[in-house]
Amino acid sequence: MGKSTIIPFGPQHPVLPEPVHLDLEIMDEKVVRAIPSIGYVHRGLEKLTETKDYNEMFYVIERICGICSFGHGWGYTLAVEGLMNVDVPDRADYLRTALHELSRIHSHLLWLGLLADGLGFESLFMHCWRLREKVLDLFEKMTGGRVIFSICKVGGLRKDITPEMQNDVLKTIKSLRNEVNSLTKVFLDDASVKNRLCGVGKLSKTEAVDLCAVGPVARGSGVNNDIRLTGIGKYLDLGFKPILEEDGDCYARCKVRILELYQSFDLIEQIMLELPQGPVDVPVKGMPPSNDFIARMEQPRGEAFYYVQGNGTKYLQRMRVRTPTNANIPAMVKTLQGCDLTDVSMLILTIDPCISCTER
Amino acid sequence: MASFKMAKTVLKSLFKKPATAMYPAVPREWTERTRGHVGIIEENCILCGICARKCPTNAIVVDRKGKTWTINRMSCIQCESCVEACPKKCLAMAPSYTPPSVEKITDIFEIPLPDKEKTEA
Amino acid sequence: MKDAMYTIQNFTQIDVSGLLEKVQNLKSEGYRLGQICGTPKGSEMELLYSLDKDLSLLNLRLTVSYDASIPSITGIYWPAFIYENEIHDLFGINFTDSKLDYQGNFFKLSKPTPWKQQAESEKEGA
């Protein structure tokens, strides 16, 4: 046994474009302990609620993160709608579900690309991001923005989609499904990818529960805490069933995300084929009452909390977002203990960290 | 376990035309709904100031005395609130983005004063 | 309002003295910690512990003063260190017996407890 050394990892690191810093205590080639520290990009967005109208606040919430921006917007509107007792029309709920699933596709493709980049598989990375570009184009067509959509609002949606767009979505999903098929084979069967992922960073089911893991990290260990089952959007009407894997290693977490891609394709196709007609918004009257409400949302990265507290004026008293990465950091730290130094980047990547989300 | 799973995809893309466009030689195609920047039809504007009040970032300044409509392009977040709020429908989202710059771009539009405005004031 | 599962909130008011026992009981019942959220209310703070079991939510509400010290629940739920350090750094609430205490270095801030001072100056202005 050698002497232990501390290796600083991040906040600037080639494998991870996220400002997280880890102090890795290394004994020989093994990590003995990892201490995370964040706080490099804290922006204090939650504090802005005191100076912004609850309708305007929506634009701030969306900008928490560029990848899950629709989910953040939806979660916030869900919380305010719960606070103000607003019922959203069916068509808006279906469209929100479809847009959220589309952003899940774009998030997972982005993550798969980053994983390939972390593996050193550059061509795979390029192909994942090429496919993601198609989803972004679809977003631009439907909402007018590639990353920041500004389409959700308290009470529904700001824009309706046209039948041509519906066809476009169906067409794009069809071609995406074909192209993702060829990439899936690489991620799930290729020897070099499997060597890096299989058996690395095991997180057992009990550990995942104890460490309060959420999202694909928890589902990769067989823990079912998918918030889409609580009745948000139209998931229950569409017969949604979460995808669970039992192994709990990096490969399982990767597999969950790939299978979720296909699930999202199915959900979107189903929605686009049976989209009901009708209005997409309802007028919202009055101010948020002095009460509080917690809405939860299943983001591509896991469960997110949106806590709002009103005070009878147009400004909210308090708004808080707890993002999925916040809950997955403990799981990451635990899996890092005892792993090889070379696997550190894989382990951090497979929880799909979004530190900018975490620090609002 | 299998190797060379990627070979087919790579070979295919060798013969396909590139997925990227030769920007800026080939200009980007905009969609109908693209939110690029806010445009204004000066003749229709009545300087009511609703857009300035609705703007979440306070990027728009309406000067009734000086008869100007000013937008700070770098503060604008392209949320389309002003376009929705405009009673005269003289604001619209134009597709192209504000070009990157080392200075904060402020666009000032002179509003030709309609006669009605004079009599009201 | 839709009568869906996510609209059920279950807010429960509890005391600081009963916090650890209550959380311990909930943990043995199989609850999972969702978040801890701090809300400034004038000279007091409101802490909200959100727990989740089988997708149903339970919220423990705690009203404390700024100088009180709260027993840390990191002994029961280790992942709580993130939320406790965050509340300590932003609002200046002290948690005792924490399993992983960053001593105010969790967030890199230009001045200590920025959100607490804001709450106090608002009170003076009112």
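This write-up is about the structure you can find in this document. (Residues numbered from 1 in each chain as written. Chains lettered and ligands numbered in written order. Predicted model: local features only at pLDDT ≥ 70, side-chain atom pairs only at ≥ 80, totals over all residues. Heavy atoms only, no water.)

**Observations regarding the sheet that holds strand β7 (residues 302-310) of chain A**
Residue and element names in this part refer to chain A. We count it as follows: In short, DSSP must find at least two bridges between two strands for them to pair. Helix and strand definitions follow DSSP, with helices as H or I runs of at least four residues and strands as E runs of at least two, each counted in order from the N terminus. With axes taken as lines fitted to C-alpha atoms, and helix axes fitted only over the stretch in contact, angles between N-to-C directions fall between 0 and 180 degrees.
Across the sheet, which stays open at both edges, the three strands sit in the order β6-β7-β8 with antiparallel pairing between neighbours. For this open sheet the edge positions go to β6 (292-299) and β8 (316-322), each flanked by a neighbour on one side alone. If you compare each strand with its neighbour and ignore which way they point, the axes differ by 15° on average. Where β7 meets β8, six bridges bridge the pair, whose relative direction is antiparallel. Across the sheet, residue Tyr307 finds its bridge partner in β8, namely Arg320.

**A short note on the pairing of strand β4 (residues 56-65) of chain C**
All names here are of chain C. Where we set the bar: Think of it in three bands: residues with accessible area under 20% of the maximum for their type are buried, residues over 50% are exposed, and the middle band is partly exposed, with areas taken using a 1.4 Å probe on protein chains only.
The element β4 is extensively covered by neighbouring structure, given that seven of its 10 residues are classed as buried. As judged from the three bridges shared by strand β1 (residues 11-13) and β4, these two strands associate in the parallel manner. What sits directly across from Thr12, in β4, is Leu60. Bridge count for strand β3 (residues 44-53) against β4 is 10 bridges, and the pairing is antiparallel.

**Observations regarding the interface of chain B and chain A**
It is common to give the size of an interface as the accessible area that goes away when the parts come together. Note the threshold: By definition in these notes, contact holds between two residues if any of their heavy atoms fall within 4.5 Å. By buried area we mean how much accessible surface two parts lose on assembly, using a 1.4 Å probe and totalling the loss over both. By salt bridge we mean one thing: a side-chain nitrogen of Lys or Arg within 4 Å of a carboxyl oxygen of Asp or Glu. Distance and chemistry together define a polar contact, namely a pair of N or O atoms within 3.5 Å, with one atom able to donate a hydrogen and the other to accept it when in protein, and with adjacent residues in sequence counting only for side-chain atoms on both sides. All residues other than Ala, Val, Leu, Ile, Met, Phe, Trp, Tyr, Cys, Pro, Asp, Glu, Lys and Arg, Gly among them, are scored as polar; the first ten of these are nonpolar and the last four charged.
Counting residues at the interface gives 26 residues for chain B and 34 residues for chain A. Both faces combined, the contact of chain B with chain A buries some 2,300 Å², and carbon together with sulfur accounts for 49% of it. Counting across the interface, chain B meets chain A through three salt bridges. One salt bridge in this structure joins Glu84(B) and Arg158(A), with 3.1 Å as the shortest N-O distance. For the interface between chain B and chain A, the tally reads 15 residue pairs in polar contact (both at pLDDT 80 or more). A total of three residues in the side of chain B that touches chain A trace back to one element, the largest contributor, which is helix α1 (residues 7-15) of chain B. Considering only residue class, the side of chain B that touches chain A consists of 12 nonpolar, six polar and eight charged.

**Focus: the arrangement of the chains**
Contacts are most numerous, across the two pairs of chains in contact, for chains A and C. If you take every C-alpha in chain B and every C-alpha in chain C, the smallest gap between them is 22 Å, and the two do not touch.

**Here's the deal with unusual backbone geometry**
Of note, the amide linkage connecting Tyr23(B) to Pro24(B) takes the cis form, showing an omega dihedral of 0°. As for its position among the elements, Pro24(B) is in the loop between α1 and β1 (37-40). Of note, Cys212(A) is a non-glycine position whose phi angle comes to about 55°, a positive value. Here the phi dihedral of Lys89(B) falls at roughly 55°; this positive angle occurs in a residue that is not glycine.

**Examining the packing of helix α3 (residues 90-119) of chain A against helix α9 (residues 250-273) of chain A**
Residues and elements named next belong to chain A. Under the convention used in this document: Any angle from 65 to 115 degrees is called roughly perpendicular, while one under 35 is roughly parallel, one over 145 is roughly antiparallel, and all others are oblique. A crossing counts as left-handed when the near helix is turned anticlockwise from the far one by less than a right angle, and as right-handed when that turn is clockwise.
The geometry of α3 relative to α9 is characterised by a closest axis approach of 9 Å and an angle of 150° between their N-to-C directions. It follows that α3 is roughly antiparallel to α9 by the angle criterion. α9 is crossed by α3, and the crossing has left-handed handedness. Class assignment for the residues of the contact of α3 with α9 results in 17 nonpolar, three polar and four charged.

**Details of the layout of surface pockets**
What counts is decided by this rule: Cavity and pocket criteria rest on a 1 Å grid covering protein atoms alone: a 1.4 Å probe that fits but cannot get out defines a cavity, protein on both sides within 12 Å along at least 5 of 7 lines defines an open pocket, and an atom within 4 Å of a point defines a lining residue. Grid points are joined across faces, edges and corners, and a volume is the space filled by probe spheres set on the points.
Considered as a void within the structure, the largest pocket measures approximately 1,500 Å³ in volume. Lining the largest pocket are 30 residues; nearest its centre among them are Glu133(A), Asp137(A), Ala19(B), Thr20(B) and Ala21(B). Counting residues per element, the ones that place at least two in the lining of the largest pocket are α4 (122-143) and α5 (163-189) of chain A. Ranked by residues supplied to the lining of the largest pocket, first place goes to α4(A) with 10 residues. For the lining of the largest pocket, the class distribution of residues is 10 nonpolar, seven polar and 13 charged. As a volume, the second largest pocket reaches approximately 640 Å³. Taken together, 27 residues line the second largest pocket, and the ones lying closest to its centre are Asn55(A), Glu56(A), Tyr59(A), Lys54(B) and Ser81(B). Listing elements by their share of the lining of the second largest pocket, those giving two or more residues are α1 (57-62) and β4 (152-153) of chain A together with α2 (50-54) and α3 (81-85) of chain B. Class assignment of the residues belonging to the lining of the second largest pocket gives a composition of 13 nonpolar, four polar and 10 charged.

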